[in-house]
Amino acid sequence: MTEEGPRLRVRRWVVAVWAVAVAVGGGFTLLLRESAEPPTPYGRQEATPTPSLPEGWESMCPSPTPDEDGSTAVLCLFRTR
């Protein structure tokens, strides 16, 4: 047998051990990350409280007027600091 046979075998073992170590480390990382965070239901996000509208906002917004097709829509924007 030549010297390349044992070296090749050692290299295969090193690569196999490295691959197993990476897989185990990744699994532990996912496990620890998921255990540190509280579970949140999918599709829901935490919302901030809705700011209150300024006094007299009804008079600041234009009254709805019908369009050509008879539908009404109003967009009223408020800037707050």
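Preceding this section is the structure that the text describes.
Just so we're clear, the structure is a prediction, and the values are computed from it rather than from any experiment.

Caption draft 1: Spotlight on the overall build of the chain. Across its full length, the chain carries two helices and zero strands. Going through the 81 residues of the chain one by one, you find that 1% of them count as buried. Carbon together with sulfur atoms contributes 60% to the accessible area of the chain, which is approximately 8,500 Å² in total.

Caption draft 2: Structural context of a nonpolar patch on the surface. A grouping of Val-20, Val-24, Phe-28, Leu-31 and Leu-32 is seen on the molecular surface, where their side chains present a nonpolar patch of about 510 Å² in accessible area. As for its position among the elements, Phe-28 is in helix α1 (residues 4–36).

Caption draft 3: Structural context of the environment of Asp-69. Structurally, Asp-69 is set in the segment after α2 (57–60). Of the polar contacts made by the side chain of Asp-69, one reaches the side chain of Ser-71; its length is 3.0 Å.

Rules and cut-offs
Residues numbered from 1 in each chain as written. Predicted model: local features only at pLDDT ≥ 70, side-chain atom pairs only at ≥ 80, totals over all residues. Heavy atoms only, no water. Helix = DSSP H or I, 4+ residues; strand = E, 2+ residues; numbered from the N terminus. Buried < 20%, exposed > 50% of the residue type's maximum accessible area, 1.4 Å probe, protein only. Areas by Shrake-Rupley, 256 points an atom, 1.4 Å probe, with all protein chains shown as cover. Patch = residues over 30% accessible without salt bridge, like charges linked within 9 Å, V, L, I, M, F, W, Y side chains within 5 Å. Salt bridge = Lys/Arg side-chain N within 4 Å of Asp/Glu carboxyl O. Polar contact = N/O pair within 3.5 Å; in protein donor to acceptor, adjacent residues only side chain to side chain.

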